[in-house]
Amino acid sequence: VQLVESGGGLVQAGGSLRVSCAASGLSFSNYAMAWFRQAPGQGRKFVAVISWSGRNTYYSDSVKGRFTISRDNAKNMAYLQMNMLKPEDTGVYYCAADRNGLGEDPAEYDFWGQGTQVSVSS
């Protein structure tokens, strides 16, 4: 199984960025997909999750209304559109796959990507 993130970069506060996750080696449409982020010196924190069908999405309070998670099961891709970015959104963004649920606990997730850096300057 491979999850490969891309699309990170440096952006000014108030700007937008979209990160992508390409999945292979798993039955993608059977897995919920989530994004987590990790700031320096901190643990991985939940950002958003989308159900296998795409019908259900959940967000952390800190990103609700600014970020949108989506997926394309035909392409085995998951996305996180990030708008109105803030410096506190800075971190390494990881995508993760979970066969069994829509949880916020990183320990529940079966597979992880290597992460992509997102930096937001003030």
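Below: a short report on this structure. Just so it is clear, the structure is predicted and the values come from calculations on it, not from any experiment.

Considering the arrangement of structural elements, one finds phenylalanine 46 in strand S5 (residues 45–50). Sequence-distant contacts of phenylalanine 46, that is, excluding residues within four places in its chain, are made with Trp35, Phe36, Tyr58, Tyr59, Ser60, Gly103 and Glu104.

Covalent bonding between the sulfur atoms of two cysteines defines a disulfide. In total, this model carries one disulfide according to the counting rule given. Each disulfide pairs two cysteine sulfurs, and for cysteine 21 the partner residue is cysteine 95, the sulfurs being separated by 2.1 Å. Because the torsion about its S-S bond is 50 degrees, the bridge between cysteine 21 and cysteine 95 counts as right-handed. Here cysteine 95 lies in strand S9 (residues 91–98) and cysteine 21 lies in strand S3 (residues 17–24), a separation of 74 residues in the sequence. Each member of the pair cysteine 21 and cysteine 95 is classed as buried.

Applying the stated criterion across every chain, the model contains three salt bridges. Between lysine 64 and aspartate 61 there is a salt bridge, and its shortest N-O distance comes to 3.1 Å. Of the two residues, lysine 64 and aspartate 61, both sit in the exposed class. In this structure, aspartate 89 and arginine 66 form a salt bridge, with 2.8 Å as the shortest nitrogen-oxygen distance. In this pair, aspartate 89 is assigned in the loop between strand S8 (77–82) and S9 and arginine 66 in the loop between strand S6 (57–59) and strand S7 (67–72), connecting sequence segments 23 residues apart. By relative accessible area, which is 0% here, aspartate 89 ends up buried. A residue is classified by how much of its surface remains accessible, and arginine 66, at 8% relative accessible area, is buried. Sharing partners across several salt bridges, the network here consists of Arg37, Arg66 and Asp89.

Every second residue of strand S1 (residues 2–6) is oriented toward a common face, the buried set being Leu3 and Glu5 and the non-buried set Gln2, Val4 and Ser6. Relative to S3, S1 runs antiparallel, the two being bridged by five bridges. Within the sheet, the bridge partner assigned to serine 6 lies in S3 and is serine 20.

Turning to the sheet that holds S3, a few remarks are in order. Here we have four strands laid out as an open sheet, ordered S1-S3-S8-S7, and antiparallel in their pairing. This sheet does not close on itself; its edge strands, each paired only once, are S1 and S7. The mean inter-strand angle of the sheet, taken between neighbouring strand axes irrespective of direction, is 15 degrees. By the bridge criterion, six bridges tie S7 to S8 in an arrangement that is antiparallel. Paired with threonine 68 across the bridge in S8 is glutamine 81.

A word on the packing of aromatic side chains. Evaluated as defined, the whole model comprises six aromatic pairs. Between phenylalanine 36 and phenylalanine 46, the aromatic rings sit 5.9 Å apart at their centres with planes inclined by 75 degrees, giving edge-to-face as the arrangement. With a gap of 10 residues between them, phenylalanine 36 in strand S4 (residues 32–38) and phenylalanine 46 in strand S5 connect regions that are remote in the sequence. On the numbers, 5.0 Å between centres and 55 degrees between planes, the contact of phenylalanine 36 with tryptophan 112 is tilted.

Rules behind the numbers
- Residues numbered from 1 in each chain as written.
- Predicted model: local features only at pLDDT ≥ 70, side-chain atom pairs only at ≥ 80, totals over all residues.
- Heavy atoms only, no water.
- Helix = DSSP H or I, 4+ residues; strand = E, 2+ residues; numbered from the N terminus.
- Contact = heavy atoms within 4.5 Å.
- Disulfide = S-S within 2.5 Å.
- Buried < 20%, exposed > 50% of the residue type's maximum accessible area, 1.4 Å probe, protein only.
- Salt bridge = Lys/Arg side-chain N within 4 Å of Asp/Glu carboxyl O.
- Pairing = 2+ DSSP bridges.
- Axes fitted to C-alpha atoms, helices over the stretch in contact; angles between N-to-C directions.
- Phe/Tyr/Trp six-rings, centres within 6.5 Å; stacked < 30°, edge-to-face > 60°.

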